[in-house]
Amino acid sequence: MATYNAFTQEWLNAWKQKIAECQEYKEIAKDWEGSVALICNADPSKNVPKPGYLFTDYWHGDVRDFLVCDEAKTQTAKFIMTADYARWKQVAKKELDATKALMQGKLKLKGDLTYIVRNVKAVNKVIDLLTEVNTVWPDDV
Amino acid sequence: MAYNNSLSFVYFGPTKIIFGSGSSTAELESEMSALGCSRAVVVTDPGVIKAGLSEKIIKTLGDKCVGVFSDVPQDTGIDVVNRGAAFAREKDADIVISIGGGSVIDTAKCMCILLTEGGDLANFEGIQLLTRPQTPHIVIPTTAGTGSEVTWIAVVFDKRKGQKILIVESYNTPRVAILDPQLTLTLPPLLTASTGMDAMTHAIEAMTSIDREPISAGMALHAIRLVSTYLPQCTQNGNNINARGQMQLAATMAGWAFCNSMVGLVHAMAHSIGAVSHIPHGVSCGILLPYCMDYNIDDGEPEAIKIYATVAQALGVSTRNDEPKRAAKAAVKEIFDLSKRIGHPLKLSESGVKEADILKAADLSMADGAIVNNIRCVLGKDEVLGIYRRAL
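> Would you mind showing me how to read the interface of chain A and chain B here?
The extent of an interface is frequently quoted as the accessible surface area lost upon association of the parts. Contact residues are listed per partner, giving 14 residues for chain A and 14 residues for chain B. Secondary-structure elements contributing two or more residues to the side of chain A that touches chain B are helix H5 (98-103), strand E6 (108-110) and helix H6 (113-118) of chain A. No other element matches H6 of chain A, which puts four residues into the side of chain A that touches chain B. Here the residues of the side of chain A that touches chain B are counted per class, giving five nonpolar, four polar and five charged. Bridge count between E6 of chain A and strand E5 (residues 126-127) of chain B: two bridges; the pairing is antiparallel. Within the sheet, the bridge partner assigned to Leu109 of chain A lies in E5 of chain B and is Ile127 of chain B.

Given below as structure tokens:
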């Protein structure tokens, strides 16, 4: 099975494919509209020398653009989630519940919290599918 | 969450509490000085001013009060906050003091953000976007219900979106809450009852939330004891200053509890019926609480039953050795009985709610974020509709 370096376009493509092929996701996310930008703070001590900017877009159960981008692009997203690298890794590995992490201040969110919570099943499913992507994390190297 | 080896949580409760009769005048100046502040804008509402609750406090401040912003409606909005912030900026305020209920407190919380960060409040919709402490905020509550004096959540109406938005910022938690029972003496009986039941609902829902944890549970249990003992005393004799004070403490403790552990089905349904029928939040919480408790118990989930059995002990209607399900049901009955004792409405129809309203509210409830924290997973709107119908 293929392995991907985290936060690369190939990794995003693999994640997108998982979501696109998932019938359960389509059903859970049938009401979701809008994009989510993920910003990973730099952490040189963990081999993340620069911030990472990702743009993911979802529409009524379909997946649209999944891009490694720049900061300007992330600011156009409906939701912007920002966290330290260590937190993102914990969320991606399901060691940290995303919604709980938001409320505990471990992830930051710009956007309508109530929308996220209403659609928490869709959020959790997207993260579940990420765990199926074989990932090499920067600090694993 | 289970209280076992995997228990993991964050408890955040940084607000300094000052309690005492007359404390709103005796302690305010020294608390301002301790925060290094000398130019306060007071935020309040016309009702508080009319009741004469803010007069002594403003007089005490003297020159340290550089302005009073009282243009706060029952449900605050972004436009209100923006105006308040502009006013405070013009006065070069370095601290905000709120005197009032939830809407006043939330307005002041948001003004603090704009005083530090500038811009429009709409840009701050979200969670934990701030990276530094905000303009200091001292809260002097005049109701004993919302617990907003210790929470880091503000709810404001966004006219452009046509909905309320949440701003969740731990850096914006009020620095100090001054609980002065004298300020609640004139609260009318029905408002006393409904704000008190809001506090009770916060406490019980914090106990049963899927995010429950032991520190919040401790706060919640004592809040339950205090409300059950002192709320009837307050509604029978509004001048009972001891009872009024204990209710303020209950509301604050319940505020800490729900802010850390979240709320559940009662609040999802109360928000929704409130949006449709405009019945006050505390009233809808108080009516729906026992019905939602019954719903959670009827699933037979042992953990829910065990928790409600503990609630029953706090309510004084059970002991440790009682059979848990019987004790849980006793808790439900006691909430109904408490509502009767304090003159709180028992049915939604008493507040003018109709069948058509609950049909709409059932839909909205399923989309309310609070529902995901409920101890019993709500599978569909028919279940919610069933509860509304029993409560109608």
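> I keep staring at the packing of helix H11 (residues 281-298) of chain B against helix H15 (residues 381-391) of chain B and nothing clicks. Help me out?
A pair of packed helices can be characterised by two numbers: the angle between their axes and the separation between those axes. Residue and element names in this part refer to chain B. Running from N to C, H11 and H15 cross one another at 130°; their axes reach a closest spacing of 10 Å. In this view, H11 runs oblique relative to H15, as classed from their interaxial angle. In this structure, H11 crosses over H15, and the sense of that crossing is right-handed. Between H11, through Ile287, Leu288, Tyr291, Cys292 and Tyr295, and H15, the contact on the second element is made entirely by Ile387, Arg390 and Ala391. Taken together, the residues of the contact of H11 with H15 sort by class into seven nonpolar, no polar and one charged.

> Please explain the sheet that holds strand E2 (residues 40-43) of chain B as it appears in this structure.
To summarise the sheet geometry, strands pair through backbone hydrogen bonds and adopt either a parallel or an antiparallel arrangement. Residue and element names in this part refer to chain B. Strands sit in the order E1-E9-E6-E4-E2-E3 across an open sheet of six strands; the sheet is parallel. Two strands lie at the open edges of the sheet, namely strand E1 (16-19) and strand E3 (65-69), each paired on one side alone. Averaged over neighbouring strand pairs, the angle between their axes works out to 20° when direction is ignored. Note that E1 and strand E9 (residues 176-179) share four bridges and pair parallel.

> In this structure, what is going on with the nonpolar core? I would like to understand it.
Inside soluble globular proteins, nonpolar side chains tend to come together where they are buried. Residues and elements named next belong to chain B. Counting 175 residues, the largest nonpolar core has Ala223, Met269 and Ala331 as the members making the most contacts within it. Here this core gathers at least three residues from each of two domains, domain 1 (16-184) and domain 2 (189-391). Excluding anything up to four places from it in sequence, Met269 contacts Leu288, Cys292, Ala361, Ser365, Val384, Ile387 and Tyr388.

> Looking at this model, I keep getting lost on unusual backbone geometry. Mind explaining?
Trans peptide bonds make up the majority, and among non-glycine residues the majority have a negative phi. All names here are of chain A. For His60, which is not a glycine, the phi torsion comes out positive at approximately 45°. Relative to the assigned elements, His60 resides in the loop between strand E3 (52-59) and strand E4 (62-68). Using a count of 10 C-beta atoms within 10 Å as the deciding quantity, one classes His60 as exposed. At Lys94, a residue that is not glycine, the phi angle is positive and equals roughly 60°.

> Looking at this model, I keep getting lost on the pairing of E2 of chain B. Mind explaining?
Moving residue by residue along a regular strand, the side chains alternate between the two faces of the sheet. Residue and element names in this part refer to chain B. Of the two faces of E2, the one carrying Ala40 and Val42 and the one carrying Val41 and Val43 are both buried. As judged from the four bridges shared by E2 and E3, these two strands associate in the parallel manner. If you follow Val43 over to E3, its bridge partner there is Phe69. Relative to strand E4 (residues 95-100), E2 is paired through four bridges, and the arrangement is parallel. Residue pairing across strands places Val42 opposite Ile97, the latter belonging to E4.

> Whenever I open this one, the domain arrangement of chain B confuses me. Can you help?
Residue and element names in this part refer to chain B. By domain assignment, chain B separates into domain 1 (16-184) and domain 2 (189-391). On a C-alpha basis, the centroid separation for the pair domain 1 and domain 2 is 27 Å. Of the residues lining the interface, 20 residues belong to domain 1; the matching set on domain 2 comes to 20 residues. Breaking the side of domain 1 that touches domain 2 down by element, the ones donating at least two residues are E1 and E9. Residue composition of the side of domain 1 that touches domain 2, by class: 10 nonpolar, nine polar and one charged.

> Help me understand the pairing of strand E8 (residues 163-168) of chain B, please; the structure alone is not making it clear to me.
All names here are of chain B. The pairing of E5 with E8 spans two bridges and is classified as parallel. The partner of Ile127 across the bridge, within E8, is Val168. In the sheet, strand E7 (residues 153-158) pairs with E8 via six bridges, with the strands oriented antiparallel. Residue pairing in the sheet places Ala154 in a bridge with Ile167 of E8. Here E7 hands over to E8 after four residues, with Gly162 in that stretch at a positive phi of 70°.

Scoring rules and cut-offs
- Residues numbered from 1 in each chain as written.
- Chains lettered and ligands numbered in written order.
- Predicted model: local features only at pLDDT ≥ 70, side-chain atom pairs only at ≥ 80, totals over all residues.
- Contact = placed C-beta atoms within 7 Å.
- Helix = DSSP H or I, 4+ residues; strand = E, 2+ residues; numbered from the N terminus.
- Nonpolar A, V, L, I, M, F, W, Y, C, P; charged D, E, K, R; others polar.
- Pairing = 2+ DSSP bridges.
- Axes fitted to C-alpha atoms, helices over the stretch in contact; angles between N-to-C directions.
- Parallel < 35°, antiparallel > 145°, perpendicular 65-115°, else oblique.
- Left-handed = near helix turned anticlockwise from the far one by under 90°.
- Core = buried A, V, L, I, M, F, W, Y, C linked by C-beta atoms within 7 Å.
- Buried ≥ 20, exposed ≤ 12 C-beta atoms within 10 Å, placed from the backbone.
- Domains from an automatic or database assignment.

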